[in-house]
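Spelled out from the first residue to the last, the chains are:
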Amino acid sequence: MPDLAAPLIAWYRDAARDLPWRRPGFPAWGTLVSEFMLQQTPVARVVPHLEAWLARWPTPASLAEDPPAEAVRQWANLGYPRRALWLHRAATEIRDRHGGVVPRDVDALLALTGVGDYTARAVAVFAYGERHPVVDTNTRRVLARAVEGRSQPGAPSRRDLAAMAEILPPDDEAAATVNAAAMELGATVCTARAPRCDVCPLAATCAWRAAGFPDTGDGRRRQARYEGSDRQARGAVLKVLRDADHEVPLEAVMPDWPDPLQRDRAIDSLVSDGLVEASLGMLRLPGSVSPRRPRGA
DNA sequence: CATCCGTGGGC
DNA sequence: TGCCCAAGGAT
C-alpha cells in the first residue's frame, strides 16, 4: 500500500480550513461541544452555534448547573435535539465523575452519554494529542476510494478503525494530523458527489481513479422522506416549546396539525426521550420549571 | 445489524 | 422541484 500519510500531511498544511476548534489553546470542552454539534450537521451551520454555546457555558460544570431545558433551547434549530440533552447529561457526568475536566482516556469518554466511537477518539486525539484512529464518514469514503478502489464505503464497521490505524505514522502529532487531514480531504475534495480529483494529493496512487472510477454501488440506504414524517412532527412540537417561555397547554400544541394521531405520537415519543415533560395537561421542556412538592408529601 | 432521529443548503 | 447529503449514536 502506498504511503498516504506524507501527502495528506503536506496537503493539510496548506489546505486546512481555519475553524474555531483548530485554534491553538482551544479547550477540550470546546472540542467536545463541537463534536456533538458536528454529528450529522454541516460545519457552516455549527460554527456560530458553537461560539454562542461556549460564550454561555465555558465549562462542563456551568452547563450542568442549568436545567436541560436551557440546553435544548440553546440548541435551537441545529437538528437532532437529543444531542442537546445528551450533551447536558455528558456535562453532568463530567462534573460528577471527572471533577469537571473532560476526560482524556478513550474508555472514559466512551462512557459519556452521547459519545460513541467517533466522538471519543476525536476528543482524545484533537483535544489531547493521543494517538488513535479517528474515523468518520469522510475518512471512510477516502479510504474506500484511495485504498479499496470503491466509489463509496460499505456499512460502518469496527474494521474501519483498523484500516485507519494502518496508515497512521508512529509520531502522536503526525498521527493526529493524518486523522484530521483524511477528514478534511473527504469534506472538501473527495466529496460524495463531484470529487475534485484534480487537486487531490492522493490522486497519483488512488485505487478508485486507477480503476477508472467504477460505480461500486452506494452501500448507503436512502434517507426516509422528511415531509409528513414523524420526525417533522417532533420537530414542530419541540419548536413550539422552545419558542414559548413557559409551559404550554396540551391542546394548544399544534391544534391544526394535519394528522392529530401523528402529533400525539410525536409528543409521546418526545416525552419518552426526555425532551419534553408532561403533567396536568401541560407540556414543557425538561426541568424548565421546578416541580411543586405535593401538599403533605 | 437496521432503523430511527432534524434541519437546511445545493444541485 | 424533489432528492441527496451532512465530523453519529442509541436501541
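Everything quoted here is computed from the prediction, not taken from an experiment. (Residues numbered from 1 in each chain as written. Chains lettered and ligands numbered in written order. Predicted model: local features only at pLDDT ≥ 70, side-chain atom pairs only at ≥ 80, totals over all residues. Heavy atoms only, no water.)

## Re the sheet that holds strand 1 (residues 248-249)
The strand order across the open sheet built from 3 strands is 1-3-2, with neighbouring strands paired in antiparallel fashion. Strands with a single pairing partner mark the edges of an open sheet, and in this sheet they are strand 1 and strand 2 (277-279). For strand 1 and strand 3 (residues 282-284), the ladder comprises 2 bridges, and the chain directions are antiparallel. Looking at the pairing, Val248 lines up with Leu283 of strand 3. (Pairing = 2+ DSSP bridges. Helix = DSSP H or I, 4+ residues; strand = E, 2+ residues; numbered from the N terminus.)

## Here we look at the packing of aromatic side chains
Any aromatic ring pair is given by two values, namely how distant the centres are and how the planes are angled relative to each other. Applying the stated criterion to the full structure yields 3 aromatic pairs. Note on Trp53 and Trp75: the rings are 5.8 Å apart at their centroids and 85° apart in plane angle, and the pair reads as edge-to-face. Pair noted here: Trp53 is in helix 3 (residues 43-56) and Trp75 is in helix 5 (residues 68-75), with a separation of 22 residues, a long-range link. For Trp75, a relative accessible area of 1% corresponds to the buried category. Geometrically, the ring pair formed by Trp208 and Phe213 is edge-to-face, given 5.0 Å between the ring centres and 85° between the ring planes. One aromatic cluster is present, formed by Trp53, Trp57 and Trp75 through successive ring pairs. (Phe/Tyr/Trp six-rings, centres within 6.5 Å; stacked < 30°, edge-to-face > 60°. Buried < 20%, exposed > 50% of the residue type's maximum accessible area, 1.4 Å probe, protein only.)

## Considerations on helix 5
Since the α-helix packs 3.6 residues into each turn, any two residues three or four apart lie on the same face. Taken residue by residue, helix 5 has Ala69, Ala71, Val72 and Trp75 as its buried positions. Buried residues of helix 5, seen end-on, are gathered within an arc of 160° and therefore sit on one face of the element. For helix 5, the secondary structure elements touched by its buried residues are helix 2 (28-38), helix 3, helix 4 (60-65), helix 6 (82-98) and helix 13 (230-243). Positive phi shows up at Ala76, right after helix 5, with a value of about 55°. (Arc of directions from axis to C-beta. Contact = heavy atoms within 4.5 Å.)

## Considerations on the protein's contact with DNA strand C
What surrounds DNA strand C is a group of 28 residues, the closest being Trp21, Leu38, Thr119, Asp136 and Asn138. Close to the protein, within 4 Å, the atoms of DNA strand C are drawn from sugar and phosphate at a rate of 60%. One of the backbone nitrogen or oxygen atoms of Gly116 is found 2.9 Å away from a phosphate oxygen of DNA strand C. Asp136 places a side-chain nitrogen or oxygen 2.7 Å from a sugar or linking oxygen of DNA strand C. The residue inventory of the surface near DNA strand C, partitioned by class, reads 10 nonpolar, 8 polar and 10 charged. (Near = heavy atom within 4 Å. Polar contact = N/O pair within 3.5 Å; in protein donor to acceptor, adjacent residues only side chain to side chain. Nonpolar A, V, L, I, M, F, W, Y, C, P; charged D, E, K, R; others polar.)

## A closer look at the pattern of salt bridges
Enumeration according to the criterion identifies 17 salt bridges in this entry. Its salt-bridge partner being Arg82, residue Asp273 comes within 3.9 Å of it at the nearest N-O pair. Of this pair, Asp273 sits in helix 14 (residues 260-273) while Arg82 sits in helix 6, and the two are 191 residues apart along the sequence. The class for Asp273 is partly exposed, based on a relative accessible area of 24%. Overall, Arg82 belongs to the partly exposed group, its relative accessible area being 39%. (Salt bridge = Lys/Arg side-chain N within 4 Å of Asp/Glu carboxyl O.)

## Some thoughts on the domain arrangement of chain A
The domain architecture assigned to chain A consists of domain 1 (16-127), domain 2 (137-210) and domain 3 (230-284). Between the C-alpha centres of domain 1 and domain 3 the distance comes to 26 Å. With 9 residues of domain 1 at the contact, the number on the domain 3 side is 10 residues. Summed over both sides, the interface between domain 1 and domain 3 buries roughly 730 Å², with carbon and sulfur atoms accounting for 57% of that surface. Inspection of the region where domain 1 meets domain 3 yields 1 salt bridge. For the pair domain 1 and domain 3, the number of links is 4 residue pairs in polar contact (both at pLDDT 80 or more). Of all elements in the fold, only helix 5 and helix 6 reach the threshold of two or more residues within the side of domain 1 that touches domain 3. In terms of residue count, the dominant contributor to the side of domain 1 that touches domain 3 is helix 6 (3 residues). Tallied by class, residues from the side of domain 1 that touches domain 3 come to 5 nonpolar, 1 polar and 3 charged. (Domains from an automatic or database assignment. Buried area = accessible area lost by both parts, 1.4 Å probe.)

## Remarks on the environment of Glu277
Along the chain, Glu277 falls in strand 2. Sequence separation between Glu277 and Ile267 is 10 residues, and the spatial gap between their C-alpha atoms is 9.4 Å. One polar contact links the side chain of Glu277 to the main-chain amide nitrogen of Gly287, over a distance of 3.1 Å.

## Let's talk about the nonpolar core
By size, the foremost hydrophobic cluster in this structure holds 52 residues, and its most contacted members are Trp29 and Trp53. Listing elements by their share of this core, those giving two or more residues are helix 2, helix 3, helix 5, helix 6, helix 7 (106-110), helix 8 (117-127), helix 13 and helix 14. (Core = buried A, V, L, I, M, F, W, Y, C linked by side-chain atoms within 4.5 Å.)

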